[in-house]
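Structure assessment
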Amino acid sequence: NFSSVGFIGLGNMGNSMAMNILKKGFKLTVFDINKSAMTNVIEAGGKAAPNVSDVAKNSEIVITMLPANDHVWECYTGKNGLLSTVNKDALLIDSSTIDPLVSQKLSVETLKKGAKFLDGPVSGGVVGARDATLTFMVGGGKQECERAKPILEAMGSRVVHCGDVGMGQVAKLCNNMLLAISMIGVAEAVNLADRLGLDPKVMNSIINTSTGRCWSSEINPPVPGIIDSVPSSNDYKGGFTTSLISKDLGLAQAAATRSNALTPLGSVAQQVYRTIMLHGFGDKDFSSVYQYLRGNK
Ligand code: NAD
């Protein structure tokens, strides 16, 4: 029920997501403040807009994939933002990971213009973005979620309606808080085993058939040399950076404070990753917490 799509923020995630929309034959208008981020998408048939408001003018559905709260807020409500020119009945979907409260405020502002808003953060990382296997956690109206499905399914393999606006972000933040904690847990356990004289690879394999098993031990083990393709085996390059997980933990802590939820391990995890960022691990995969515990060895 729509033909023109807009996409803003063609970074590590957004670039591949935009390419997958084009592959499905949608008419696509794109914008990024970094012109070179748009080159391959334009070559593949996308149209570059001169600014954000031009994207809104030309699109029935617009997806934003920007770094953090302030970028998204400015993109929507700034002087030449999306809301300055958005079409009545357009659907705006923000797939960035941001504070659920900001999503809820964006929805209110969008409704004032006669358009609709969904939050739709993703899991699956850059590989999921490239292979169109992302999971979308969607908050907002059920009808709008259905309307968005054809476009979200061009970029992902699973679309889950989580509830009202903001609930997609809530799902994303809670999952990433657990992920952050579990990675520290695996790294601590394996390092302790090593210090006590047990081969860390053997310990990791024991965990994987025992009750400590989790994504951090099985799919993305922090110990190098267990799985060749994961970041730990490649000097912790690629993957999900320590600075991004720290950002998500900050959002989780802000939300926990507002809602009076106790998150003792989430708050310690945030301090651990912020500490290792100060030690130069910000651009490495967050499994490098293992390397940090070992004293950079
Ligand atoms: P990124 O920094 O690689 O990309 C962001 C892009 O937005 C950049 O190209 C930047 O130039 C552009 N941009 C910034 N401000 C802009 C503006 N005002 N107007 C237009 N373009 C602007 O970030 P990313 O890794 O693609 O992540 C995007 C979002 O997705 C973040 O919220 C992140 O937390 C979330 N996320 C990332 C991953 C991941 O593995 N990288 C996984 C899931 C979710």
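Residues numbered from 1 in each chain as written. Predicted model: local features only at pLDDT ≥ 70, side-chain atom pairs only at ≥ 80, totals over all residues. Heavy atoms only, no water.

What the protein chain contains, in helices and strands, is 14 helices and nine strands. Taking 19 Å as the expected radius of gyration for a compact globule of 297 residues, we find that the protein chain reaches 20 Å, a close match to that expectation. For the protein chain, the spread of C-alpha atoms along the principal axes amounts to about 65 × 45 × 35 Å. Sequence separation of 24 or more characterises 63% of the internal contacts of the protein chain that already satisfy a separation of 6 or more. Accessible area for the protein chain stands at about 13700 Å²; split by element, carbon and sulfur atoms hold 55% of it. Of note, the protein chain has its 28 positive side-chain charges centred 2 Å away from the centre of its 25 negative side-chain charges. (Helix = DSSP H or I, 4+ residues; strand = E, 2+ residues; numbered from the N terminus. Rg over C-alpha atoms; globule rule 2.2 N^0.38 Å. Contact = heavy atoms within 4.5 Å. Areas by Shrake-Rupley, 256 points an atom, 1.4 Å probe, with all protein chains shown as cover. Lys, Arg positive; Asp, Glu negative; His and termini not counted. Charge placed at Lys NZ, Arg CZ, Asp CG, Glu CD.)

Here we come to the confidence of the model for the protein chain. Across the protein chain, pLDDT averages 96, with 99% of residues at or above 70. If you check the scores for this complex, the pTM reads 0.95 and the ipTM reads 0.99. (pLDDT = per-residue confidence, 0-100.)

It is worth spelling out helix 4 (residues 69–77) at this point. Every buried residue of helix 4 is listed here: Val72, Cys75 and Tyr76. The buried residues of helix 4 all sit within an arc of 95 degrees when viewed along its axis, so they share a single face. Turned more than 90 degrees from where helix 4 packs its buried face, Asp70 and Glu74 sit exposed. (Buried < 20%, exposed > 50% of the residue type's maximum accessible area, 1.4 Å probe, protein only. Arc of directions from axis to C-beta.)

Summed over all chains, the structure comprises four aromatic pairs. Measuring from centroid to centroid gives 6.2 Å for phenylalanine 281 and tyrosine 292, while their planes differ by 80 degrees, and the two rings are edge-to-face. Of this pair, phenylalanine 281 sits in helix 13 (residues 264–281) while tyrosine 292 is found in helix 14 (residues 289–293), placing the two residues 11 residues apart along the sequence. Residue phenylalanine 281 is classed as buried on the basis of its relative accessible area, which comes to 4%. Joined through ring pairs, the aromatic side chains of Phe240, Tyr273 and Phe286 make up one cluster. (Phe/Tyr/Trp six-rings, centres within 6.5 Å; stacked < 30°, edge-to-face > 60°.)

Glancing now at the site of the ligand. In the vicinity of the ligand there are 23 residues, among which Asn12, Met13, Asp32, Pro67 and Lys247 approach most closely. Within the backbone of asparagine 12, one N or O atom sits 2.9 Å away from an oxygen atom of the ligand. At 2.8 Å from an oxygen atom of the ligand is found a side-chain nitrogen or oxygen belonging to lysine 247. Isolated, the ligand exposes 840 Å² of accessible area, and the fraction of that covered by the protein chains is 85%. (Near = heavy atom within 4 Å. Polar contact = N/O pair within 3.5 Å; in protein donor to acceptor, adjacent residues only side chain to side chain.)

The next thing to look at is the environment of glycine 140. Position of glycine 140 relative to the elements: it lies in the loop between strand 8 (134–139) and helix 8 (142–155). With sequence-adjacent residues up to four places away left out, glycine 140 is seen in contact with Leu118, Asp119, His161, Gly163, Asp164 and Val165.

Note that glycine 212 resides in the loop between helix 10 (200–208) and helix 11 (215–218). Taking the C-alpha atoms as reference, glycine 212 lies 8.0 Å from valine 186; in sequence the two are 26 residues apart. Other than its neighbours up to four places away in sequence, glycine 212 contacts Ile207 and Ser217.

Quick look at the pairing of strand 1 (residues 4–8) now. Within strand 1, five of the five residues are buried, which leaves the element mostly enclosed by the surrounding structure. Of the two faces of strand 1, the one lined by Ser4, Gly6 and Ile8 and the one lined by Val5 and Phe7 are each fully buried. By the bridge criterion, five bridges tie strand 1 to strand 2 (residues 27–31) in an arrangement that is parallel. Looking at the pairing, isoleucine 8 lines up with phenylalanine 31 of strand 2. As for the winding sense of the linkage, the β-α-β connection from strand 1 through helix 1 (residues 14–23) to strand 2 is right-handed. Direction of pairing for strand 1 relative to strand 4 (residues 61–64): parallel, over a ladder of four bridges. Among the inter-strand pairings, isoleucine 8 is bridged to a residue of strand 4, identified as threonine 64. (Pairing = 2+ DSSP bridges. Right-handed = clockwise from strand over helix to strand, strands pointing away.)

The next thing to look at is the side chain of serine 216. With respect to the secondary-structure elements, serine 216 resides in helix 11. A polar contact is formed between the side chain of serine 216 and the side chain of serine 182, at a distance of 2.9 Å. Sequence-distant contacts of serine 216, defined by excluding residues within four places in its chain, comprise Leu179, Ser182, Met183, Val186, Pro221 and Pro222.

In globular proteins that are soluble, nonpolar side chains generally tend to be buried together. Counting 32 residues, the largest nonpolar core has Phe7 and Met17 as its most contacted members. The element contributing the most residues to this core is helix 8, with six residues. (Core = buried A, V, L, I, M, F, W, Y, C linked by side-chain atoms within 4.5 Å.)

What follows covers the packing of helix 12 (residues 242–259) against helix 13. Two packed helices can be described by the angle between their axes and the distance between those axes. Between helix 12 and helix 13, the shortest axis-to-axis distance is 9 Å and the interhelical angle comes to 150 degrees. Relative to helix 13, helix 12 is oriented roughly antiparallel. Between helix 12 and helix 13 lies a crossing of left-handed hand. Facing Thr242, Ser243, Ile245, Ser246, Leu249, Gly250 and Gln253 of helix 12, the residues of helix 13 in contact are Gly266, Ser267, Ala269, Gln270, Tyr273, Arg274, Ile276, Met277 and Phe281. Tallied by class, residues from the contact of helix 12 with helix 13 come to seven nonpolar, eight polar and one charged. (Axes fitted to C-alpha atoms, helices over the stretch in contact; angles between N-to-C directions. Parallel < 35°, antiparallel > 145°, perpendicular 65-115°, else oblique. Left-handed = near helix turned anticlockwise from the far one by under 90°. Nonpolar A, V, L, I, M, F, W, Y, C, P; charged D, E, K, R; others polar.)

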